[in-house]
Amino acid sequence: MRIATWNVNSIRSRIDRVVAWLEANDVDVLAIQETKCREDQFPGLELSALGYEYVHFGLSQWNGVALISRVGLEDVAMSFADDQPHFGDPPALEARSIGATCGGVRVWSFYVPNGRTLDDPHYTYKLAWLDRLHAASSQWLADDPQAQIALVGDWNVAPTDEDVWDMSVFEGHTHVSVPEREAFHAIVDAGYADVVRPHTPGPGVYTYWDYQQLAFPKKRGLRIDFILASPALASRVESAHIDREERKGKGPSDHAPVVIDIK
């Protein structure tokens, strides 16, 4: 089975690229982030025509997550915990997580809060969000050590220095702060392995490149999109890659798809 994750940065703007990529890459399950649309705006007909089922959680022109599968979508959930952190005034649940069981694997598509700046309330929200995800995902493994779970998506964290093209540029900014990195590594330490890194070693291997200042051709990127697998699922991973070619061409997302193959 092939599982992929991709922050498409607006599904309506990039549905043609998504369809073409699915047709060319034999993907069974695709987790999408930053759909930037409401439920009634999601271009599901194009995906259904390819033989995929889909579930989408989107509330406005911001955020939004989806799962697309041709191996089933069971037990769909729009949040990973009943007390998943909220944000805003008044506080509300954002469209940042969606989970479903696909071909026997529990797949979660996450769009982790950005954090904005280190002194912004959104940064505090981001840390609380990751802390609650750590607690929830740890409990899933405690309940069933053999559970097949994939935690995938745009984590908005570069967990090591080699995941950043130049650390001096990001000093004092989000994505690389010690608390964010500790929150990411806590989930790894709970038992969820980064199953892509062994197949795509750095430095210089990224999943995101800003649209500005020729970041992509200058190889000024970040690795912030990950697939973290439970022990039982990690043992099944045969290969993985980052499809850097999809960042090229006309109208790409600023993120590249990340793909694993499991036996």
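Residues numbered from 1 in each chain as written. Predicted model: local features only at pLDDT ≥ 70, side-chain atom pairs only at ≥ 80, totals over all residues. Heavy atoms only, no water.

## Considering the pairing of strand S7 (residues 105-111)
Every other side chain in a regular strand lies on the same face of the sheet, so the side chains alternate between the two faces.
For step 1, the next point in the chain: For S7, the tally of buried residues reaches seven of seven residues, placing the bulk of the element in the interior.
For step 2, the next point in the chain: Where strand S6 (residues 97-102) lies against S7, six bridges are found, and the strand directions are antiparallel. Among the inter-strand pairings, Ser97 is bridged to a residue of S7, identified as Phe110.
For step 3, the next point in the chain: Hairpin connection between S6 and S7: a loop of two residues separates the two successive antiparallel strands, and Gly103 in this loop has a positive phi of roughly 55 degrees.
For step 4, the next point in the chain: When S7 meets strand S8 (residues 149-154), the two strands line up parallel, connected through six bridges. In the strand pairing of S8, Arg106 is matched with Ile149. (Buried < 20%, exposed > 50% of the residue type's maximum accessible area, 1.4 Å probe, protein only. Helix = DSSP H or I, 4+ residues; strand = E, 2+ residues; numbered from the N terminus. Pairing = 2+ DSSP bridges.)

## A closer look at the side chain of Thr200
For step 1, the next point in the chain: Along the polypeptide, Thr200 turns up in the loop between strand S9 (193-194) and strand S10 (208-209).
For step 2, the next point in the chain: Accessibility expressed as a relative area gives 10% for Thr200, which makes it buried.
For step 3, the next point in the chain: Within polar-contact distance, the side chain of Thr200 engages the backbone oxygen of Val196 at 3.0 Å.
For step 4, the next point in the chain: Excluding residues that lie within four positions of it along the chain, Thr200 makes contacts with Val205, Arg223, Ala240, His241 and Ile242. (Polar contact = N/O pair within 3.5 Å; in protein donor to acceptor, adjacent residues only side chain to side chain. Contact = heavy atoms within 4.5 Å.)

## Some details on the nonpolar core
For step 1, the next point in the chain: Counting residues in each nonpolar core, the largest one holds 32 residues, and the members touching the most others are Leu67, Val107 and Ile260.
For step 2, the next point in the chain: Residues contacting Ile260, with those up to four places away along its chain left out, are Met1, Arg2, Ile3, Val195, Val196, Ile227, Val237, Ser239 and Ala240.
For step 3, the next point in the chain: Core analysis: the next-biggest nonpolar cluster, separate from the first, contains 23 residues, Ala77, Leu130, Leu133 and Phe184 among them. (Core = buried A, V, L, I, M, F, W, Y, C linked by side-chain atoms within 4.5 Å.)

## A word on the environment of Glu238
For step 1, the next point in the chain: Tracing the sequence through the fold places Glu238 in strand S13 (residues 237-242).
For step 2, the next point in the chain: Measuring from C-alpha to C-alpha, the distance between Glu238 and His173 comes to 35 Å, with 65 residues separating the pair along the chain.
For step 3, the next point in the chain: When residues no more than four places from it in sequence are discounted, the contact partners of Glu238 are His199, Asp261, Ile262 and Lys263.

## Here's the deal with the side chain of Arg247
For step 1, the next point in the chain: Tracing the sequence through the fold places Arg247 in the loop between S13 and strand S14 (258-262).
For step 2, the next point in the chain: Although Arg247 is buried, it forms no salt bridge, and the closest oppositely charged side chain is Asp254 at an N-O distance of 6.2 Å.
For step 3, the next point in the chain: A distance of 3.4 Å separates a polar side-chain atom of Arg247 from the backbone oxygen of Ser253.
For step 4, the next point in the chain: Excluding its chain neighbours within four sequence positions, the residues that come into contact with Arg247 are Trp209, Asp210, Tyr211, Phe216, Pro252, Ser253, Asp254 and His255. (Lys, Arg positive; Asp, Glu negative; His and termini not counted. Salt bridge = Lys/Arg side-chain N within 4 Å of Asp/Glu carboxyl O.)

## Considerations on helix H1 (residues 11-25)
For step 1, the next point in the chain: With 15 residues, H1 should cover 21 Å at 1.5 Å per step; its first-to-last C-alpha distance of 18 Å lies more than 12% under that length.
For step 2, the next point in the chain: Those residues of H1 that sit buried are Ile11, Arg14, Ile15, Arg17, Val18, Val19, Trp21, Leu22 and Asn25.
For step 3, the next point in the chain: Of the surrounding secondary structure, the elements contacted by the buried residues of H1 are strand S1 (2-7), strand S2 (29-33), helix H2 (44-48) and S14.
For step 4, the next point in the chain: At the C-terminal side of H1, Asp26 shows a positive phi close to 55 degrees. (Expected span 1.5 Å × (residues − 1).)

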